[in-house]
Amino acid sequence: GDSVTQMEGPVTLSEEAFLTINCTYTATGYPSLFWYVQYPGEGLQLLLKATKADDKGSNKGFEATYRKETTSFHLEKGSVQVSDSAVYFCALTPNQAGTALIFGKGTTLSVSS
Amino acid sequence: GAVVSQHPSWVICKSGTSVKIECRSLDFQATTMFWYRQFPKQSLMLMATSNEGSKATYEQGVEKDKFLINHASLTLSTLTVTSAHPEDSSFYICSALPTGSRREGYGYTFGSGTRLTVV
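Model, not experiment: these values are computed from the prediction.

Teacher, can you tell me more about the packing of aromatic side chains here?
Two aromatic rings are characterised by how far apart their centres lie and by the angle between their planes. Taken as a whole and judged by the stated rule, the model has twelve aromatic pairs over all chains. A centroid spacing of 6.0 Å and a plane angle of 80° characterise the contact between Tyr-25 of chain A and Tyr-66 of chain A, whose relative ring orientation is edge-to-face. With Tyr-25 of chain A in strand β4 (residues 23-26) and Tyr-66 of chain A in the loop between β8 (62-65) and β9 (75-77), the pair connects residues that are 41 residues apart, well separated along the chain. The interplanar angle of 85° and the centroid separation of 6.1 Å between the aromatic rings of Phe-34 of chain A and Tyr-108 of chain B together place this pair among those described as edge-to-face. Within this pair, whereas Phe-34 of chain A is found in strand β5 (residues 32-38), its partner Tyr-108 of chain B is found in the loop between β9 (90-98) and β10 (109-110), the two belonging to separate chains. Given a relative accessible area of 1%, Phe-34 of chain A falls into the buried group.

It is not clear to me how the sheet that holds strand β1 (residues 4-7) of chain B should be interpreted in this structure. Could you clarify?
Each strand in a sheet pairs with its neighbour through backbone hydrogen bonds, running either in the same direction (parallel) or in the opposite one (antiparallel). Residue and element names in this part refer to chain B. What the four strands build is an open sheet, ordered β1-β3-β8-β7; its pairing is antiparallel. Of all the strands in the sheet, the pair left with one neighbour each is β1 and β7 (67-73). Pairs of neighbouring strands in the sheet enclose a mean axial angle of 15°, with direction left out of account.

What is the right way to look at the pattern of salt bridges in this model?
Pairing between side chains of opposite charge can happen when the charged atoms of each approach one another. Residues and elements named next belong to chain A. Inspection of every chain in the model, using the stated rule, returns five salt bridges over all chains. In this structure, Asp-84 and Lys-77 form a salt bridge, with 2.8 Å as the shortest nitrogen-oxygen distance. Residue classification places Asp-84 among the buried residues on the basis of a relative accessible area of 7%.

I'm lost on the state of the cysteines in this one. Help?
Residue and element names in this part refer to chain A. Under the defined criterion, the tally for this structure stands at two disulfides over all chains. Note on cysteine connectivity: Cys-23 is disulfide-linked to Cys-90, with sulfurs 1.9 Å apart. What sets the handedness of the Cys-23 and Cys-90 disulfide is the S-S torsion sign, and at about -70° it is left-handed. Placement of Cys-23 in strand β4 and of Cys-90 in strand β10 (residues 86-93) is noted, with a sequence separation of 67 residues between them.

Help me understand the environment of Gln-81 of chain A in this model?
Residues and elements named next belong to chain A. Considering the arrangement of structural elements, one finds Gln-81 in the loop between β9 and β10. Residue Gln-81 is classed as partly exposed on the basis of its relative accessible area, which comes to 29%. In the structure, Gln-81 is positioned 15 residues away from Gln-96 in sequence and 37 Å away in space, judged by C-alpha atoms. Residue contacts for Gln-81: discarding those within four places in its chain leaves Glu-15 and Val-111.

When you look at the sheet that holds β8 of chain A in this model, what are you seeing that I'm missing?
Residue and element names in this part refer to chain A. The four strands are arranged β3-β9-β8-β7 in an open sheet whose pairing can be described as antiparallel. Both outer strands of the open sheet, β3 (19-21) and β7 (56-59), are each paired with one neighbouring strand and no more. In this sheet, adjacent strand axes meet at a mean angle of 15° when their direction is disregarded. Where β8 meets β9, three bridges bridge the pair, whose relative direction is antiparallel. When the bridges of β9 are listed, Ala-64 appears paired with Leu-75.

What's the story with the interface of chain B and chain A in this structure? I'm lost.
You'll often see interface size given as the accessible area lost when the parts meet. Contacts between chain B and chain A engage 19 residues on the former and 23 residues on the latter. Surface buried jointly by chain B and chain A totals about 1600 Å² across both partners, of which 60% is contributed by carbon and sulfur atoms. Remark: the boundary between chain B and chain A carries zero salt bridges. Elements supplying a minimum of two residues to the side of chain B that touches chain A: β4 (30-38), β5 (44-51) and β9 of chain B. Of all the elements, β4 of chain B adds the most residues to the side of chain B that touches chain A, at four residues. In terms of residue class, the side of chain B that touches chain A is built from ten nonpolar, seven polar and two charged.

Would you take a moment to explain the side chain of Thr-107 of chain A for this structure?
Residue and element names in this part refer to chain A. By the secondary structure assignment, Thr-107 is in strand β12 (residues 107-112). In this structure Thr-107 comes out as buried when scored by relative accessible area, which is 0%. For Thr-107, the side chain forms a polar contact with the main-chain oxygen of Met-7, separated by 2.7 Å. When neighbours within four sequence positions are excluded, Thr-107 is seen to be in contact with Gln-6, Met-7, Gly-9, Val-11, Ile-21, Ala-86, Val-87 and Tyr-88.

What should I look at first to understand a nonpolar patch on the surface in this one?
The grouping of Trp-10, Ile-12 and Val-119 of chain B at the surface amounts to a nonpolar patch, some 370 Å² of accessible area in total. Val-119 of chain B gets classed as exposed once you look at its relative accessible area, which sits at 57%.

Cut-offs used in this document
- Residues numbered from 1 in each chain as written.
- Chains lettered and ligands numbered in written order.
- Predicted model: local features only at pLDDT ≥ 70, side-chain atom pairs only at ≥ 80, totals over all residues.
- Heavy atoms only, no water.
- Phe/Tyr/Trp six-rings, centres within 6.5 Å; stacked < 30°, edge-to-face > 60°.
- Helix = DSSP H or I, 4+ residues; strand = E, 2+ residues; numbered from the N terminus.
- Buried < 20%, exposed > 50% of the residue type's maximum accessible area, 1.4 Å probe, protein only.
- Pairing = 2+ DSSP bridges.
- Axes fitted to C-alpha atoms, helices over the stretch in contact; angles between N-to-C directions.
- Salt bridge = Lys/Arg side-chain N within 4 Å of Asp/Glu carboxyl O.
- Disulfide = S-S within 2.5 Å.
- Contact = heavy atoms within 4.5 Å.
- Buried area = accessible area lost by both parts, 1.4 Å probe.
- Nonpolar A, V, L, I, M, F, W, Y, C, P; charged D, E, K, R; others polar.
- Polar contact = N/O pair within 3.5 Å; in protein donor to acceptor, adjacent residues only side chain to side chain.
- Patch = residues over 30% accessible without salt bridge, like charges linked within 9 Å, V, L, I, M, F, W, Y side chains within 5 Å.
- Areas by Shrake-Rupley, 256 points an atom, 1.4 Å probe, with all protein chains shown as cover.

Listed below in structure tokens is the structure:
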């Protein structure tokens, strides 16, 4: 079945460092890809998304490009802040209407000043 | 934007009792809602998909008699944990998909989650 694999954490960075969180997927057809962020004790917030190959999703300085040839959707940010500390989830939805998101295991990011 | 209200945000109950969690879409109608369970430091596990006016579809390994899901209206889905036990303690999150959403997945909105502790 469809699945998402993302790098194990935790990722610990200093403020203003460059961030990459790797995400690869397995899916039939053409899934839509997402990054969600979860702050402690809260639900999930959509960070960015891409619906077709070569699309780049971006939000709040974060970017990810849908790479069909490598089945990847890596999350990047050029300069992280302490407030970016959270758990990041890569997810996909198969190419079927009304189906649930499939999540990776999540990567914890900790940014220190 | 789309907002999903989940209530309560946390609950403590005694073993053997039942707990109901509500998931309400505030400014849109949701034909489909999803219920997830999240263990500490782990990913979200899909428990079931509920469609308004029909029975929920449960994922393999999820006891439908224990986790009762009702989606009686286009704005409300409820999850009832029946005869709760300590192993049911977890973080439960709902997600709502607006009616008419395109299959690309636009519109998944999550509630803020419910922390259930069974003592």
